[in-house]
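Remarks on the overall topology
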Amino acid sequence: MPIRCKEVSSTFARVPRSKLLENACLSRDGRQALVMRFQPSYIRLYETGELAGRIESLDRILKECVICPRRCRVDRTVCERGVCGVGTLPVVSSHNPHFGEEPPLVGWGGSGTIFMTYCNLKCVFCQNYDISHLGYGEEVSCGELAAMMLELQESGCHNINFVTPTHQIAQIVRSLPLAVEKGLKLPLVYNCGGYEAVETIRFLDGIFDIYMPDIKYGDDEAAARYSGAKDYVERCRESVKEMHRQVGDLVVDSRGIAQRGLIIRHLVMPDGVAGTREVMRFIAREISRNSYVNIMDQYRPCFKAFDHPPLDRRITPEEFDEALSIAREEGITRLAGITE
Ligand code: SF4
(Lines give C-alpha, C1' and ligand atoms only; values in the text may rest on other atoms or scores of the structure.)
Protein backbone atom coordinates (compact mmCIF):
# COMPACT_ATOMS: atom_id res chain seq x y z
CA MET A 1 0.00 0.00 0.00
CA PRO A 2 1.26 3.50 -0.74
CA ILE A 3 2.01 5.67 2.25
CA ARG A 4 -0.55 8.46 2.25
CA CYS A 5 -0.08 11.74 4.00
CA LYS A 6 -3.08 11.35 6.23
CA GLU A 7 -1.89 8.00 7.46
CA VAL A 8 0.64 7.76 10.20
CA SER A 9 3.93 6.42 8.98
CA SER A 10 7.43 6.53 10.33
CA THR A 11 8.62 8.26 7.18
CA PHE A 12 5.95 10.91 7.33
CA ALA A 13 6.48 11.40 11.03
CA ARG A 14 10.07 12.42 10.30
CA VAL A 15 8.90 15.45 8.33
CA PRO A 16 8.56 18.55 10.55
CA ARG A 17 5.02 19.87 10.82
CA SER A 18 6.33 23.27 9.79
CA LYS A 19 7.00 21.86 6.33
CA LEU A 20 3.38 20.95 5.74
CA LEU A 21 0.56 23.07 4.43
CA GLU A 22 -3.14 22.38 4.60
CA ASN A 23 -4.61 23.18 1.21
CA ALA A 24 -8.03 22.82 -0.33
CA CYS A 25 -7.42 21.15 -3.68
CA LEU A 26 -9.58 19.90 -6.49
CA SER A 27 -9.43 16.16 -6.77
CA ARG A 28 -9.44 14.29 -10.11
CA ASP A 29 -13.23 14.13 -10.23
CA GLY A 30 -13.51 17.88 -9.64
CA ARG A 31 -14.70 17.70 -6.03
CA GLN A 32 -12.99 19.80 -3.46
CA ALA A 33 -10.88 17.73 -1.12
CA LEU A 34 -8.76 18.68 1.82
CA VAL A 35 -5.27 17.58 0.97
CA MET A 36 -2.15 17.71 3.07
CA ARG A 37 0.54 19.02 0.79
CA PHE A 38 4.21 19.51 1.33
CA GLN A 39 5.72 22.87 0.94
CA PRO A 40 8.72 22.04 -1.24
CA SER A 41 11.90 21.98 0.81
CA TYR A 42 13.72 24.51 -1.33
CA ILE A 43 11.35 27.29 -0.22
CA ARG A 44 12.84 27.20 3.26
CA LEU A 45 16.39 27.15 1.90
CA TYR A 46 15.54 30.13 -0.27
CA GLU A 47 13.99 32.06 2.62
CA THR A 48 16.91 31.43 4.97
CA GLY A 49 19.48 32.37 2.36
CA GLU A 50 20.98 28.89 2.42
CA LEU A 51 20.12 28.29 -1.22
CA ALA A 52 22.48 31.11 -2.21
CA GLY A 53 25.26 29.33 -0.30
CA ARG A 54 24.57 26.05 -2.13
CA ILE A 55 24.73 27.86 -5.47
CA GLU A 56 28.13 29.28 -4.55
CA SER A 57 29.40 25.88 -3.43
CA LEU A 58 28.26 24.12 -6.60
CA ASP A 59 29.66 26.88 -8.80
CA ARG A 60 32.99 26.53 -7.00
CA ILE A 61 33.02 22.80 -7.83
CA LEU A 62 32.53 23.68 -11.51
CA LYS A 63 35.85 25.53 -11.55
CA GLU A 64 37.65 22.20 -11.28
CA CYS A 65 34.76 19.97 -12.10
CA VAL A 66 34.19 17.00 -9.84
CA ILE A 67 30.40 17.28 -10.02
CA CYS A 68 30.20 13.60 -10.98
CA PRO A 69 32.47 10.56 -10.55
CA ARG A 70 34.27 11.28 -13.83
CA ARG A 71 36.21 13.99 -11.94
CA CYS A 72 37.39 15.67 -15.15
CA ARG A 73 38.76 18.70 -13.25
CA VAL A 74 38.11 21.05 -16.19
CA ASP A 75 37.12 24.66 -15.52
CA ARG A 76 33.54 24.78 -16.69
CA THR A 77 33.12 28.39 -15.57
CA VAL A 78 35.24 29.33 -18.63
CA CYS A 79 33.42 26.82 -20.80
CA GLU A 80 36.00 24.04 -20.71
CA ARG A 81 34.27 20.74 -21.29
CA GLY A 82 34.84 17.32 -19.80
CA VAL A 83 33.36 13.92 -20.58
CA CYS A 84 29.77 15.20 -20.36
CA GLY A 85 30.34 17.96 -22.93
CA VAL A 86 28.50 20.76 -21.09
CA GLY A 87 30.20 24.04 -20.19
CA THR A 88 28.88 27.00 -18.18
CA LEU A 89 25.26 27.41 -19.27
CA PRO A 90 22.39 24.91 -19.08
CA VAL A 91 21.68 22.93 -22.27
CA VAL A 92 18.09 21.72 -22.67
CA SER A 93 16.54 19.51 -25.31
CA SER A 94 12.85 19.90 -24.42
CA HIS A 95 10.37 20.73 -21.66
CA ASN A 96 6.87 19.26 -21.63
CA PRO A 97 4.17 17.76 -19.44
CA HIS A 98 4.97 14.04 -19.57
CA PHE A 99 2.38 11.31 -19.06
CA GLY A 100 4.66 8.27 -19.37
CA GLU A 101 6.37 8.54 -15.98
CA GLU A 102 5.38 6.66 -12.82
CA PRO A 103 1.71 7.22 -11.81
CA PRO A 104 2.53 9.15 -8.59
CA LEU A 105 4.46 11.66 -10.70
CA VAL A 106 1.96 11.87 -13.54
CA GLY A 107 -1.38 12.16 -11.70
CA TRP A 108 -3.74 13.87 -14.12
CA GLY A 109 -1.68 17.00 -14.88
CA GLY A 110 1.49 15.26 -15.95
CA SER A 111 5.06 15.38 -14.74
CA GLY A 112 6.81 18.56 -15.85
CA THR A 113 9.86 17.08 -17.54
CA ILE A 114 12.87 19.14 -18.55
CA PHE A 115 15.27 17.01 -20.61
CA MET A 116 18.83 18.13 -20.00
CA THR A 117 21.17 17.56 -22.93
CA TYR A 118 24.22 15.24 -22.79
CA CYS A 119 24.98 12.78 -20.01
CA ASN A 120 27.84 11.62 -17.82
CA LEU A 121 27.13 7.97 -18.71
CA LYS A 122 28.06 6.48 -22.07
CA CYS A 123 25.50 3.70 -22.42
CA VAL A 124 25.83 1.89 -25.75
CA PHE A 125 22.09 1.09 -25.61
CA CYS A 126 20.83 4.59 -24.75
CA GLN A 127 17.24 5.11 -25.84
CA ASN A 128 17.70 8.89 -25.93
CA TYR A 129 21.08 8.85 -27.63
CA ASP A 130 20.24 11.82 -29.86
CA ILE A 131 20.00 13.91 -26.67
CA SER A 132 22.57 12.23 -24.43
CA HIS A 133 25.29 11.38 -26.95
CA LEU A 134 24.67 13.55 -30.00
CA GLY A 135 23.81 16.67 -28.00
CA TYR A 136 20.40 17.53 -29.42
CA GLY A 137 19.35 20.67 -27.54
CA GLU A 138 20.05 24.35 -27.04
CA GLU A 139 22.08 26.37 -24.62
CA VAL A 140 19.78 28.56 -22.54
CA SER A 141 20.24 31.15 -19.81
CA CYS A 142 19.35 30.40 -16.19
CA GLY A 143 16.44 32.82 -16.57
CA GLU A 144 15.13 30.80 -19.50
CA LEU A 145 15.46 27.56 -17.52
CA ALA A 146 13.52 29.18 -14.65
CA ALA A 147 10.83 30.27 -17.14
CA MET A 148 10.47 26.64 -18.31
CA MET A 149 9.81 25.53 -14.72
CA LEU A 150 7.14 28.20 -14.33
CA GLU A 151 5.55 27.32 -17.66
CA LEU A 152 5.24 23.67 -16.59
CA GLN A 153 3.72 24.72 -13.27
CA GLU A 154 1.30 26.99 -15.10
CA SER A 155 0.22 24.13 -17.36
CA GLY A 156 -0.87 22.06 -14.34
CA CYS A 157 2.03 19.65 -13.84
CA HIS A 158 2.51 18.13 -10.38
CA ASN A 159 6.27 18.44 -10.22
CA ILE A 160 9.32 19.66 -12.11
CA ASN A 161 11.18 16.59 -13.31
CA PHE A 162 14.78 17.16 -14.37
CA VAL A 163 15.78 14.30 -16.64
CA THR A 164 19.54 13.61 -16.56
CA PRO A 165 20.38 16.49 -14.20
CA THR A 166 23.70 15.15 -12.84
CA HIS A 167 26.20 17.02 -14.99
CA GLN A 168 24.08 20.21 -15.04
CA ILE A 169 23.08 20.35 -11.41
CA ALA A 170 24.99 23.57 -10.68
CA GLN A 171 23.12 25.29 -13.52
CA ILE A 172 19.77 23.92 -12.34
CA VAL A 173 20.28 25.07 -8.76
CA ARG A 174 21.51 28.47 -10.00
CA SER A 175 18.22 28.85 -11.91
CA LEU A 176 16.01 27.86 -8.99
CA PRO A 177 15.80 31.18 -7.07
CA LEU A 178 14.78 32.94 -10.28
CA ALA A 179 11.79 30.60 -10.46
CA VAL A 180 11.01 30.78 -6.72
CA GLU A 181 10.89 34.58 -6.89
CA LYS A 182 8.17 34.24 -9.52
CA GLY A 183 6.11 31.72 -7.57
CA LEU A 184 7.48 28.23 -8.21
CA LYS A 185 6.06 25.87 -5.60
CA LEU A 186 6.17 22.39 -7.10
CA PRO A 187 8.43 19.64 -5.78
CA LEU A 188 11.57 18.99 -7.82
CA VAL A 189 12.44 15.53 -9.13
CA TYR A 190 16.07 14.46 -9.60
CA ASN A 191 15.68 11.86 -12.37
CA CYS A 192 19.17 10.47 -12.93
CA GLY A 193 21.14 7.52 -14.29
CA GLY A 194 22.61 6.70 -10.89
CA TYR A 195 26.25 7.53 -11.66
CA GLU A 196 26.55 10.23 -9.02
CA ALA A 197 29.18 11.76 -6.75
CA VAL A 198 27.85 11.43 -3.22
CA GLU A 199 29.61 14.69 -2.28
CA THR A 200 27.45 16.50 -4.85
CA ILE A 201 24.26 14.76 -3.71
CA ARG A 202 24.95 16.04 -0.17
CA PHE A 203 24.79 19.60 -1.51
CA LEU A 204 21.25 18.90 -2.74
CA ASP A 205 19.85 18.12 0.71
CA GLY A 206 16.70 20.21 1.08
CA ILE A 207 16.54 21.17 -2.60
CA PHE A 208 15.06 18.05 -4.20
CA ASP A 209 12.04 16.44 -2.56
CA ILE A 210 11.95 13.48 -4.93
CA TYR A 211 14.92 11.47 -6.11
CA MET A 212 14.43 9.03 -8.96
CA PRO A 213 17.72 7.26 -9.70
CA ASP A 214 18.23 4.33 -12.00
CA ILE A 215 20.12 1.43 -10.53
CA LYS A 216 21.33 0.03 -13.82
CA TYR A 217 23.81 -2.63 -12.79
CA GLY A 218 24.67 -5.08 -10.07
CA ASP A 219 28.31 -5.44 -11.10
CA ASP A 220 31.00 -3.15 -12.41
CA GLU A 221 32.12 -5.35 -15.26
CA ALA A 222 28.82 -4.86 -17.08
CA ALA A 223 28.79 -1.16 -16.12
CA ALA A 224 32.26 -0.68 -17.59
CA ARG A 225 31.48 -2.60 -20.75
CA TYR A 226 28.11 -1.08 -21.56
CA SER A 227 28.17 2.37 -19.90
CA GLY A 228 31.87 3.18 -19.62
CA ALA A 229 31.61 3.50 -15.83
CA LYS A 230 33.86 1.01 -14.08
CA ASP A 231 32.99 2.24 -10.58
CA TYR A 232 29.24 2.53 -11.21
CA VAL A 233 28.05 0.15 -8.51
CA GLU A 234 29.81 1.77 -5.56
CA ARG A 235 29.13 5.36 -6.68
CA CYS A 236 25.48 4.52 -7.31
CA ARG A 237 24.97 2.69 -4.04
CA GLU A 238 26.52 5.34 -1.81
CA SER A 239 24.52 8.04 -3.61
CA VAL A 240 21.19 6.22 -3.38
CA LYS A 241 21.81 5.70 0.33
CA GLU A 242 22.37 9.44 0.72
CA MET A 243 19.24 10.23 -1.31
CA HIS A 244 17.21 7.94 0.93
CA ARG A 245 18.72 9.49 4.05
CA GLN A 246 17.53 12.89 2.82
CA VAL A 247 13.99 12.09 1.67
CA GLY A 248 13.05 8.59 2.90
CA ASP A 249 10.57 6.23 1.26
CA LEU A 250 8.08 7.67 -1.21
CA VAL A 251 5.17 9.56 0.33
CA VAL A 252 2.08 10.39 -1.72
CA ASP A 253 -0.79 12.69 -0.77
CA SER A 254 -4.41 11.64 -0.49
CA ARG A 255 -4.79 12.01 -4.27
CA GLY A 256 -1.89 9.63 -4.88
CA ILE A 257 0.50 12.37 -6.02
CA ALA A 258 4.14 12.03 -5.03
CA GLN A 259 5.24 14.65 -2.54
CA ARG A 260 8.55 13.45 -1.25
CA GLY A 261 10.78 10.39 -1.26
CA LEU A 262 12.74 7.93 -3.33
CA ILE A 263 11.64 6.17 -6.51
CA ILE A 264 14.09 3.60 -7.88
CA ARG A 265 14.11 2.47 -11.49
CA HIS A 266 15.68 -0.75 -12.74
CA LEU A 267 15.65 -1.65 -16.43
CA VAL A 268 15.70 -5.39 -17.04
CA MET A 269 18.23 -6.25 -19.74
CA PRO A 270 18.79 -9.41 -21.79
CA ASP A 271 20.66 -12.35 -20.25
CA GLY A 272 20.65 -10.84 -16.76
CA VAL A 273 23.11 -8.08 -17.72
CA ALA A 274 21.46 -5.67 -15.25
CA GLY A 275 22.24 -7.91 -12.25
CA THR A 276 18.68 -7.76 -10.95
CA ARG A 277 19.36 -10.09 -8.00
CA GLU A 278 22.23 -7.96 -6.67
CA VAL A 279 20.28 -4.74 -7.22
CA MET A 280 17.12 -5.93 -5.43
CA ARG A 281 19.17 -7.38 -2.57
CA PHE A 282 20.94 -4.06 -2.13
CA ILE A 283 17.65 -2.14 -2.10
CA ALA A 284 15.97 -4.51 0.34
CA ARG A 285 18.90 -4.79 2.73
CA GLU A 286 20.59 -1.39 2.55
CA ILE A 287 17.86 1.06 1.52
CA SER A 288 14.38 -0.11 2.54
CA ARG A 289 12.06 -2.98 1.71
CA ASN A 290 9.38 -0.29 1.41
CA SER A 291 11.23 1.43 -1.43
CA TYR A 292 9.02 2.28 -4.40
CA VAL A 293 10.70 0.28 -7.19
CA ASN A 294 9.84 0.40 -10.87
CA ILE A 295 11.13 -2.70 -12.64
CA MET A 296 10.96 -1.78 -16.30
CA ASP A 297 10.40 -4.11 -19.25
CA GLN A 298 10.84 -1.67 -22.14
CA TYR A 299 14.43 -2.48 -23.05
CA ARG A 300 14.91 -2.39 -26.81
CA PRO A 301 18.17 -2.28 -28.73
CA CYS A 302 19.12 1.27 -29.71
CA PHE A 303 22.19 3.22 -30.75
CA LYS A 304 25.22 0.87 -30.61
CA ALA A 305 23.45 -2.02 -28.84
CA PHE A 306 23.35 -4.07 -32.06
CA ASP A 307 27.13 -4.37 -31.85
CA HIS A 308 26.98 -5.66 -28.27
CA PRO A 309 25.16 -8.98 -27.97
CA PRO A 310 23.19 -9.94 -25.91
CA LEU A 311 22.00 -6.32 -25.93
CA ASP A 312 20.93 -6.69 -29.55
CA ARG A 313 17.52 -8.08 -28.64
CA ARG A 314 14.50 -7.23 -26.48
CA ILE A 315 13.96 -9.11 -23.23
CA THR A 316 11.55 -12.03 -23.18
CA PRO A 317 8.37 -12.12 -21.05
CA GLU A 318 10.06 -14.87 -19.01
CA GLU A 319 13.04 -12.63 -18.25
CA PHE A 320 10.74 -9.89 -17.01
CA ASP A 321 8.69 -12.30 -14.87
CA GLU A 322 11.90 -13.64 -13.39
CA ALA A 323 13.02 -10.10 -12.46
CA LEU A 324 9.71 -9.52 -10.66
CA SER A 325 10.05 -12.84 -8.84
CA ILE A 326 13.56 -11.92 -7.75
CA ALA A 327 12.34 -8.60 -6.36
CA ARG A 328 9.65 -10.36 -4.34
CA GLU A 329 12.07 -13.04 -3.13
CA GLU A 330 14.46 -10.35 -1.92
CA GLY A 331 11.59 -8.71 0.00
CA ILE A 332 10.67 -5.64 -2.05
CA THR A 333 7.05 -4.79 -1.23
CA ARG A 334 6.22 -1.77 -3.43
CA LEU A 335 6.52 -2.63 -7.11
CA ALA A 336 5.23 0.03 -9.51
CA GLY A 337 2.36 -1.24 -11.62
CA ILE A 338 2.31 -4.57 -9.74
CA THR A 339 1.56 -3.99 -6.08
CA GLU A 340 0.42 -0.38 -6.49
S1 SF4 B 1 30.01 16.79 -14.71
FE2 SF4 B 1 30.99 16.61 -16.74
S3 SF4 B 1 32.89 17.78 -16.61
FE4 SF4 B 1 32.16 17.46 -14.51
S5 SF4 B 1 33.18 15.62 -13.78
FE6 SF4 B 1 31.23 14.95 -14.64
S7 SF4 B 1 31.62 14.46 -16.81
FE8 SF4 B 1 33.36 15.66 -16.05
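Residues numbered from 1 in each chain as written. Predicted model: local features only at pLDDT ≥ 70, side-chain atom pairs only at ≥ 80, totals over all residues.

**Looking at the overall build of the protein**
- Helix and strand counts for the protein come out as 12 helices and 13 strands.
- Split into buried and exposed, the 340 residues of the protein put 46% on the buried side.
- Sequence separation of 24 or more characterises 71% of the internal contacts of the protein that already satisfy a separation of 6 or more. (Helix = DSSP H or I, 4+ residues; strand = E, 2+ residues; numbered from the N terminus. Buried ≥ 20, exposed ≤ 12 C-beta atoms within 10 Å, placed from the backbone. Contact = placed C-beta atoms within 7 Å.)

**Here we look at the site of the ligand**
- Close to the ligand lie 13 residues; C65, C68, C72, G82 and C84 are nearest.
- Grouping the amino acids of the shell around the ligand by side-chain chemistry returns eight nonpolar, three polar and two charged. (Near = placed C-beta within 6 Å. Nonpolar A, V, L, I, M, F, W, Y, C, P; charged D, E, K, R; others polar.)

**Comments concerning the confidence of the model for the protein**
- Per-residue pLDDT for the protein averages 91, and the proportion of residues at 70 or more is 89%.
- In this model, residues 1–35 is a region of pLDDT below 50 whose contacts with residues beyond four sequence positions or in other chains number 52 contacts. (pLDDT = per-residue confidence, 0-100.)

**A short note on unusual backbone geometry**
- The amide bond that connects P309 to the next residue, P310, takes the cis arrangement and shows omega of 10 degrees.
- If you trace the backbone, P310 turns up in the loop between β12 (292–296) and α12 (317–330).
- Located in the positive-phi region is C79, a residue other than glycine, with phi close to 70 degrees.
- Inspection of the secondary structure assignment puts C79 in the loop between α3 (50–62) and β4 (91–98).
- Positive phi is not limited to glycine here, since Y118 has a value of about 70 degrees.
- Mapped onto the elements, Y118 comes out in the loop between β5 (111–116) and α5 (129–132).

**Here we look at the packing of helix α2 (residues 41–48) against helix α7 (residues 169–180)**
- At their nearest, the axes of α2 and α7 sit 11 Å apart, and the two run at 85 degrees to each other. Looking at the two axes, α2 sits roughly perpendicular to α7. For the pair α2 and α7, the contacting residues are Y42, I43 and Y46 in the first and L176, P177 and V180 in the second. (Axes fitted to C-alpha atoms, helices over the stretch in contact; angles between N-to-C directions. Parallel < 35°, antiparallel > 145°, perpendicular 65-115°, else oblique.)

**Let's talk about helix α10 (residues 232–247)**
- Between its first and last C-alpha, α10 extends 22 Å over 16 residues, near the 22 Å set by a 1.5 Å rise per residue.
- Within the sequence span of α10, burial applies to Y232, V233, C236, S239, V240, M243, H244, Q246 and V247. The arc that holds the buried residues of α10, viewed along the axis, is 155 degrees, so those residues lie on one side.
- Of the surrounding secondary structure, the elements contacted by the buried residues of α10 are α8 (198–203), β9 (210–213), α9 (220–227), β11 (258–267) and α11 (276–287).
- Of the residues flanking the end of α10, it is G248, one or two places downstream, whose phi is positive at about 75 degrees. (Expected span 1.5 Å × (residues − 1). Arc of directions from axis to C-beta.)

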